[in-house]
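# An overview of the molecular structure
The residues making up each chain are set out below.
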Amino acid sequence: MTVLGIESSCDETAVAIVRGGDEVLASVVYSQVPLHRPYGGVVPEVASRAHVAKIRGVAEEALARAFPGEPTPWDRVDAIAATRGPGLAAALLVGWTFAKGLALALGKPLIPVNHMHAHLWSVRLGHPELRGQNLWPQLGLAVSGGHTCFVASPEPNVYRLLGQTIDDAAGEAFDKAAKLLGLGYPGGPAIDKLARQAPEGADRAIHFPEGRVSADHPLPPGWEPALCVSFSGLKTALLTHVRKHPPQNETEVATLCASYQAAIVAALAKRAETALAHGRYRSLALGGGVSLNRGLRAALGAVARRHAIPLLLADACHCGDNAAMIAGLASAFPPAPAAGAETLALDVDPSLPI
Ligand code: KG4
Ligand code: ZN
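Residues numbered from 1 in each chain as written. Chains lettered and ligands numbered in written order. Predicted model: local features only at pLDDT ≥ 70, side-chain atom pairs only at ≥ 80, totals over all residues. Heavy atoms only, no water.

Close contact between helix α2 (residues 44-66) and helix α3 (residues 89-106) brings their axes to 9 Å; oriented N to C, the two are set at 30°. The orientation of α2 with respect to α3, classified from their angle, is roughly parallel. Between α2 and α3 lies a crossing of right-handed hand. Here S48, H51, V52, I55, R56 and A59 of α2 come into contact with α3, specifically with A90, A91, V94, G95 and F98. For the contact of α2 with α3, the per-class residue count stands at seven nonpolar, three polar and one charged. (Axes fitted to C-alpha atoms, helices over the stretch in contact; angles between N-to-C directions. Helix = DSSP H or I, 4+ residues; strand = E, 2+ residues; numbered from the N terminus. Parallel < 35°, antiparallel > 145°, perpendicular 65-115°, else oblique. Left-handed = near helix turned anticlockwise from the far one by under 90°. Contact = heavy atoms within 4.5 Å. Nonpolar A, V, L, I, M, F, W, Y, C, P; charged D, E, K, R; others polar.)

Strand order in the open sheet formed by five strands is β3-β2-β1-β4-β5, with mixed pairing between adjacent strands. The open sheet has two free edges, formed respectively by β3 (23-31) and β5 (110-114), since each of these has just one partner strand. When strand polarity is set aside, the average angle formed by the axes of neighbouring strands in this sheet is 20°. The sheet contact formed by strand β1 (residues 2-7) and strand β2 (residues 12-19) spans six bridges and is antiparallel. The partner of G5 across the bridge, within β2, is A16. Each of β1, β2 and β3 is contacted by α2, which is oriented at about 25° to β2, the strand it contacts most. Packed onto the sheet, helix α10 (residues 324-332) meets β1, β2, β3, β4 (79-85) and β5 and runs at close to 140° relative to β1. (Pairing = 2+ DSSP bridges.)

So, about unusual backbone geometry. Most peptide bonds are trans, and most residues other than glycine sit at a negative phi. Following W136, the chain continues into P137 via a peptide bond in cis, with omega recorded as 0°. Here the amide bond leading from Y185 into P186 is cis, since omega sits at -10°, within 30 degrees of zero. At A308, a position not held by glycine, the phi torsion is positive, near 55°. Of the residues examined, A308 reaches a relative accessible area of 70% and is grouped as exposed. (Buried < 20%, exposed > 50% of the residue type's maximum accessible area, 1.4 Å probe, protein only.)

What follows covers the environment of D349. Relative to the helices and strands, D349 is located in the segment after α11 (340-344). Taking the relative accessible area as the measure of exposure, D349 reaches 22% and is therefore partly exposed. Along the primary structure D349 and L93 are separated by 256 residues, whereas in three dimensions their C-alpha atoms are 9.2 Å apart. Here D349 is in contact with R84, G85, P86 and L92, once residues within four sequence places are set aside. A polar side-chain atom of D349 sits 3.1 Å from the main-chain amide nitrogen of S351. (Polar contact = N/O pair within 3.5 Å; in protein donor to acceptor, adjacent residues only side chain to side chain.)

It is worth stressing that arrangement in space is one thing and function is another; only the former is reported here.
See below:
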């Protein structure tokens, strides 16, 4: 099945065409980062207006790349998929409504996709060698600007939330720290780069809290306190440290970044370790923008090795928000044809659960 996928949940306008779950024929991402940079974060109204302005052009470019030389390739796809949630309501609406229009006009099925499921599927894109492998039960960690979730998948496309952040997401923790240190937006890449330039041992130079969630903290049923995390105290600890000891030079900023990143990475690696120790998993999948972080990749690689399972990482172009993960997941698990009419009546769901 060949699917045209649309992603517009946050600040990337993206359209992709994927065949059979993992064969990416085209993936176009228009990043709005420069539009939001002056505000130090994503402004929902700015995001949705930019989605409206760009989505048609991005879709046409994706089709032209997937089917070069064909004048009207719209008919070459078997279905239209789009992110239905979670995300910013006004941003989601643009992609979802565009997808509905396309599906109606072309007479093709519309497939709603959960953005977090798609992040976990992103590790499969461009990796057909994984098709024959038995990777389930799988432990998934989706880490982005809006989410930090540990997910158990007993079988493909089945998801159970084991735990997540109770306040800031990991990406948010990176972005807020970068803002505080004057490193610009988005902050993750800047902190990652400086952490790598920091002197040996800088990751242990300053102590930051690990973000433990106490066993008596009220949590929804099924969430394990040991697999939940709190990153808001980390940001406060950084602020307190910087007020007491303002960094005097680049090396001191880099040292702060290394220690701060190490705290986030250690918190996530410890929880991955706990989840793997208490369940039977055949693979660990890491998805989302923060999965680009070198420290996190290395730490989770070590955790997976200890448990003798593969760590599945998305290619760099599929870590941040993209539509290949939407089209990929939809083409791997197309719904029964009967679901078509009901889907067209669905609205977006900004807090769509895992
Ligand atoms: O998945 P994504 O592109 O968008 C959301 O769905 O949120 O993730 C964006 C987040 C931002 O917070 C950004 O700072 C973070 O991913 N990020 C990183 C790195 N690259 C991007 N965080 C840490 N290290 C990186 N190298
Ligand atoms: Zn995302």
